[in-house]
Amino acid sequence: MQDKGLPERPLSGARVLITRSPERSLALVDALQAAGASALLLPLIDFERAPDQHSLDVACDALGAGAFDWLVVSSATTVHVLTAKSAERGLSPAQWIPPATRIAAVGAATRRLLEDQGLEVALMPEEDQSAAGLLAVWPGGDGKVLLPQADIASPRLAGGLSAAGSKVTAVTAYRTVDYPAAAERRLAIPGVSRGADRQPPSYALLTPENAAAELAAGRLDAVIAASPSAARRIHELSPLRGCRFVAIGRSTADQADALGLPVAAIAAEPSPNGLVAAVVAALRITEDAGGEPP
């Protein structure tokens, strides 16, 4: 139901910068456009296959053999890696991962991708979609846990699971690099089907130099950062002037705080609708403080 105090297109006229590659951004671009905003894309980071494929394959073979009580998946990118690994074995993820292996997930997008692959998610934080949120609801016990993650992942999750008594096998599932990744090592992300009658949303693709010029001219209303590494790259473009920083997750917000970037809003959930709501909240702060609405 439409909030009576909120216009149907609450971001009408706003220009929002997304720091993700196009194939990872289409749903968010769609949602922003539906809210009246114009989307500009500045891909800052990309993903490559893990350099140590042997260690990843050993862990994946153990997963398929039922050696783990839990599989902890903390990002949508990890789901893409696991899906590719199951395909290498000639199986679907649901065929490969034993039903007795419980799955914990962080984030609605991660959960949705897992469920799209026929996998049941047994545990996910209800509110704080972060390592801290998952640790807060973790049941504990001495079970064996597989934790595939990015090469730059914070040790907080693995350390917290171990402190709760779990036997954790943490393995690098993918590598985070500056955009664009090397073509021969780039981690492929499946496209999203939009139906024959739907066109992809439109957006402007910027370079860092273009983005810095837009910021300097005060032509950007908000920037969305999806990771601590994206926050670090955005900091290189600062000052943000009137552009509001919107974080996906507490770890991204903490990194921005450490860099001196004011965080206007943190998305309650890392979904397109959750991010639109966070941008609306961020721009309301500007208006409430006496600034011009977008």
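Here's a quick rundown of the structure.

1. Comments concerning the overall build of the protein chain
Helix and strand counts for the protein chain stand at 11 helices and 11 strands. Against the globule reference of 19 Å for 294 residues, the protein chain gives a C-alpha radius of gyration of 20 Å, in line with a compact fold. In terms of principal-axis extent, the alpha carbons of the protein chain reach across some 60 × 40 × 40 Å. Looking at the 294 residues of the protein chain, the share that counts as buried comes to 44%. As displayed, the protein chain has an accessible area near 14100 Å², and 51% of this comes from carbon and sulfur atoms.

2. Some thoughts on the packing of aromatic side chains
Across all of its chains, the model carries two aromatic pairs by this definition. Ring geometry for Phe47 versus Tyr174: centroids 5.4 Å apart, planes at 85°, classification edge-to-face. Highlighted residues: Phe47 in strand 3 (residues 45–49) and Tyr174 in strand 7 (residues 167–178), separated in sequence by 127 residues. Like Tyr174, Phe47 is buried. Geometrically, the ring pair formed by Trp70 and Trp138 is tilted, given 4.8 Å between the ring centres and 50° between the ring planes.

3. Notes on the packing of helix 3 (residues 76–88) against helix 5 (residues 108–116)
The relative placement of two packed helices comes down to the angle between their axes together with the axis-to-axis distance. One way to put it is that helix 3 packs onto helix 5 with a least axis distance of 8 Å and a crossing angle of 20°. On the basis of their axis angle, the class for helix 3 and helix 5 is roughly parallel. Considering how the two elements wind past one another, helix 3 and helix 5 form a crossing that is right-handed. Residues Ala76, Val79 and His80 of helix 3 form the contact with helix 5, whose own contacting residues are Thr110, Leu113 and Leu114.

4. Notes on unusual backbone geometry
Following Tyr179, the chain continues to Pro180 via a peptide bond in cis, the omega torsion being -5°. Position of Pro180 among the secondary structure elements: in the loop between strand 7 and strand 8 (204–205). A cis amide bond links Ser238 to the next residue, Pro239, at an omega of 15°. Looking at the element boundaries, Pro239 is found in the loop between helix 9 (228–237) and strand 10 (244–247). One non-glycine residue with positive phi stands out, namely Arg241, at about 55°. Among the structural elements, Arg241 can be located in the loop between helix 9 and strand 10.

5. Comments concerning the pairing of strand 10
Of the strand pairs in this sheet, strand 9 (residues 222–225) and strand 10 are connected by four bridges, and their pairing is parallel. The residue of strand 10 that forms the bridge with Ala225 is Ala247. The parallel pair strand 9 and strand 10, bridged by helix 9, forms a crossover whose chirality is right-handed. Relative to strand 11 (residues 263–266), strand 10 runs parallel, the two being bridged by three bridges.

Cut-offs and rules
- Residues numbered from 1 in each chain as written.
- Predicted model: local features only at pLDDT ≥ 70, side-chain atom pairs only at ≥ 80, totals over all residues.
- Heavy atoms only, no water.
- Helix = DSSP H or I, 4+ residues; strand = E, 2+ residues; numbered from the N terminus.
- Rg over C-alpha atoms; globule rule 2.2 N^0.38 Å.
- Buried < 20%, exposed > 50% of the residue type's maximum accessible area, 1.4 Å probe, protein only.
- Areas by Shrake-Rupley, 256 points an atom, 1.4 Å probe, with all protein chains shown as cover.
- Phe/Tyr/Trp six-rings, centres within 6.5 Å; stacked < 30°, edge-to-face > 60°.
- Axes fitted to C-alpha atoms, helices over the stretch in contact; angles between N-to-C directions.
- Parallel < 35°, antiparallel > 145°, perpendicular 65-115°, else oblique.
- Left-handed = near helix turned anticlockwise from the far one by under 90°.
- Contact = heavy atoms within 4.5 Å.
- Pairing = 2+ DSSP bridges.
- Right-handed = clockwise from strand over helix to strand, strands pointing away.

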